[in-house]
Amino acid sequence: MPKVLRLHEFTGPDGLRIDDITKPDPKGNEVRFNVEAFALNYGDFELMENGYVFSIDLPSRMGDEASGIVDAIGPEVTQFKIGDRVSSMPWMNEGYGVNGEFAIVPETFLAKYPENLTAAEGCSIWVTYLTAYYALVEISKIKKDDFILITAASSSAGLAAMDVAHLLGATAIGTTRTSENKQFLIDAGVDHVIVTSKEDISERVQDISKGKGARVIYDPIGGPLVMKYAGAMGQNCDIYLYGGMDPRPTVIPEMEMIRKAAVARPYSVYNHIYDKEQRERGVKYIYEALESGKIKPRVDRTYPLEDFRKAFDYQLKGKGRKGKIIILP
Ligand SMILES: NC(=O)c1ccc[n+]([C@@H]2O[C@H](COP(=O)([O-])OP(=O)(O)OC[C@H]3O[C@@H](n4cnc5c(N)ncnc54)[C@H](OP(=O)(O)O)[C@@H]3O)[C@@H](O)[C@H]2O)c1
């Protein structure tokens, strides 16, 4: 029987087990595929501790992002056929989950990915790039010469935001907590790196931008950090609070935001991916950028399925990370 990762208790990765389950036939608009690779996301930890934007009934399969080859389709499927090379998008689990040797996903949340990508790269696209796409392209309409402040820039989400900022001709300023990831960020293409344990974020952004300030602050951390970058805001700054990696309460710099006509928005790709037109626009934009080679997902390490605990440990440690952590089941 095929092996899948299932969560049995909300105790983080300790609650995960490899289970042998029978492969169900896909129903309705469901597509079944043999998984070649699946990607870990920081959000998995939040969900595994029942502290995410949605919850799940246990035991539950986990994970949003997998790539593989279609081996069966439900009777209402219109966009995919057996043999297609596909990868899954972020959605609110809803009893699905793709971490394992096979996955079943409604066709709505499945896309083909460009031939020039490996399976490991193919499962490292939609969560990070679509999240950056709606914020930077559709909502903030970033332009050439804008400055984007990306906190936790070494995260997969941060690196994807840098890529999208560059597609738009903007300058990416990335933060990291310590010097350990600084060289990696420079090598990855971040235009300016700020080490938050040593440098004043607001002063550095104002220096780099020659007083213009950031048009967007793309921040998965939140908490007290927000007050530290308050002085980095440019006119009409959009602050995207999209992660809450710092569990402490987020305090908004209200007066400074009024002066700058700034907006702070709790933000998620889930708010956009359920709308068919938005989803299709995002997938087309990112697909074309990948196909042309202008952007490419960064894969750090791969692990076999039986080493899933090592993979989650490495994902959580963060330091020295160089992109996505992938499991090859
Ligand atoms: N809202 C959405 O739609 C959406 C979509 C995608 C991701 N996200 C969120 O984005 C965040 C990043 O996800 P990811 O999968 O890209 O993460 P990841 O690749 O695991 O990135 C982790 C990096 O973040 C930094 N970091 C970790 N803990 C931190 C903390 N407490 N304070 C400050 N920095 C910290 C570290 O960088 P340094 O050591 O270099 O500082 C670490 O390398 C998560 O909160 C996730 O839920 C949200």
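In short, a report on the structure. (Residues numbered from 1 in each chain as written. Predicted model: local features only at pLDDT ≥ 70, side-chain atom pairs only at ≥ 80, totals over all residues. Heavy atoms only, no water.)

**Here's the deal with the pattern of salt bridges**
So, step 1. Applying the stated criterion to the full structure yields 21 salt bridges.
So, step 2. One salt bridge in this structure joins R32 and D71, with 2.9 Å as the shortest N-O distance. Remark: D71 occurs in strand β5 (residues 66-73) and R32 occurs in strand β3 (residues 30-39); sequence separation between them is 39 residues.
So, step 3. We classify R32 as buried; its relative accessible area is 10%.
So, step 4. Classification of D71 by relative accessible area gives partly exposed; the value is 23%.
So, step 5. The partner of D84 in a salt bridge is K112, and the shortest N-O contact between them spans 3.7 Å. Linking D84 in the loop between β5 and β6 (85-88) with K112 in strand β8 (residues 110-112), this pair joins segments that are 28 residues apart in sequence. (Salt bridge = Lys/Arg side-chain N within 4 Å of Asp/Glu carboxyl O. Helix = DSSP H or I, 4+ residues; strand = E, 2+ residues; numbered from the N terminus. Buried < 20%, exposed > 50% of the residue type's maximum accessible area, 1.4 Å probe, protein only.)

**Let's talk about the environment of T131**
So, step 1. Inspection of the secondary structure puts T131 in helix α3 (residues 126-139).
So, step 2. In this structure the C-alpha to C-alpha distance between T131 and A160, which are 29 residues apart in sequence, comes to 8.6 Å.
So, step 3. Filtering out sequence-adjacent residues up to four positions away, T131 remains in contact with W126, Y218, Y242, Y267 and V269.
So, step 4. A polar atom in the side chain of T131 sits 2.4 Å from the backbone oxygen of V127. (Contact = heavy atoms within 4.5 Å. Polar contact = N/O pair within 3.5 Å; in protein donor to acceptor, adjacent residues only side chain to side chain.)

**Things to note about the packing of aromatic side chains**
So, step 1. Applying the stated criterion across every chain yields a total of 13 aromatic pairs.
So, step 2. Consider the rings of F54 and Y270, whose centres lie 5.7 Å apart with planes at 75 degrees: the pair is edge-to-face. Of this pair, F54 sits in the loop between α1 (42-48) and β4 (60-61) while Y270 sits in helix α9 (residues 270-273), placing them 216 residues apart in sequence. Grouping residues by exposure puts F54 and Y270 together as buried.
So, step 3. An aromatic cluster of three or more residues is present, and its members are W91, Y96, F109 and Y274.
So, step 4. For R279, the ring lying beneath its charged end belongs to F109, and the centroid distance is 5.6 Å. (Phe/Tyr/Trp six-rings, centres within 6.5 Å; stacked < 30°, edge-to-face > 60°. Lys NZ or Arg CZ within 6 Å of the ring centre and 35° of its normal.)

**Some thoughts on the packing of α3 against helix α10 (residues 276-291)**
So, step 1. At their nearest, the axes of α3 and α10 sit 10 Å apart, and the two run at 110 degrees to each other. Between α3 and α10, the interaxial angle falls into the category roughly perpendicular. Two secondary-structure elements touch here, α3 through W126, Y129, L130, Y133, Y134, V137 and E138 and α10 through Q278, R279, R281, G282, V283, Y285, I286, Y287 and L290. (Axes fitted to C-alpha atoms, helices over the stretch in contact; angles between N-to-C directions. Parallel < 35°, antiparallel > 145°, perpendicular 65-115°, else oblique.)

**Describing the sheet that holds β4**
So, step 1. What the three strands build is an open sheet, ordered β2-β1-β4; its pairing is antiparallel. The open sheet has two free edges, formed respectively by β2 (16-20) and β4, since each of these has just one partner strand.
So, step 2. As paired elements, strand β1 (residues 3-7) and β4 share two bridges and run antiparallel to each other. Within β4, the position partnered with R6 by the bridge is R61.
So, step 3. Here helix α11 (residues 308-317) sits on the sheet in contact with β1 and β2, set at roughly 150 degrees to β2. (Pairing = 2+ DSSP bridges.)

**A look at the site of the ligand**
So, step 1. Surveying the vicinity of the ligand reveals 25 residues, the closest of which are S154, A157, T176, N181 and V269.
So, step 2. Contacts to the ligand include R177, whose backbone N or O atom sits 3.0 Å from an oxygen atom.
So, step 3. Y267 places a main-chain nitrogen or oxygen 3.1 Å from a nitrogen atom of the ligand.
So, step 4. In the complex, 92% of the free accessible area of the ligand, which totals 930 Å², lies under the protein chains.
So, step 5. Of all elements in the fold, only α1, α3 and α4 (156-167) reach the threshold of two or more residues within the shell around the ligand.
So, step 6. Tallying contributions element by element places α1 first for the shell around the ligand, with three residues.
So, step 7. In terms of residue class, the shell around the ligand is built from 10 nonpolar, 12 polar and three charged.
So, step 8. Two domains share the shell around the ligand, each providing at least three of its residues, namely domain 1 (3-125 + 297-328) and domain 2 (128-270). (Near = heavy atom within 4 Å. Areas by Shrake-Rupley, 256 points an atom, 1.4 Å probe, with all protein chains shown as cover. Nonpolar A, V, L, I, M, F, W, Y, C, P; charged D, E, K, R; others polar. Domains from an automatic or database assignment.)

**Observations regarding helix α6 (residues 201-208)**
So, step 1. Considered for burial, the residues of α6 that qualify are I201, S202, V205 and I208. The buried side chains of α6 occupy one side of the element, clustering within an arc of 135 degrees when seen end-on. The exposed residues of α6 that point more than 90 degrees off its buried face are E203 and D207.
So, step 2. In the core, the buried residues of α6 are packed alongside β9 (147-150), β10 (171-176), β11 (192-195), β12 (214-219) and α7 (225-228).
So, step 3. Its side-chain oxygen at 3.1 Å from the backbone nitrogen of S202, D200 defines the N-terminal cap of α6.
So, step 4. Remark: K210 follows α6 within two positions and exhibits a positive phi of approximately 50 degrees. (Arc of directions from axis to C-beta.)

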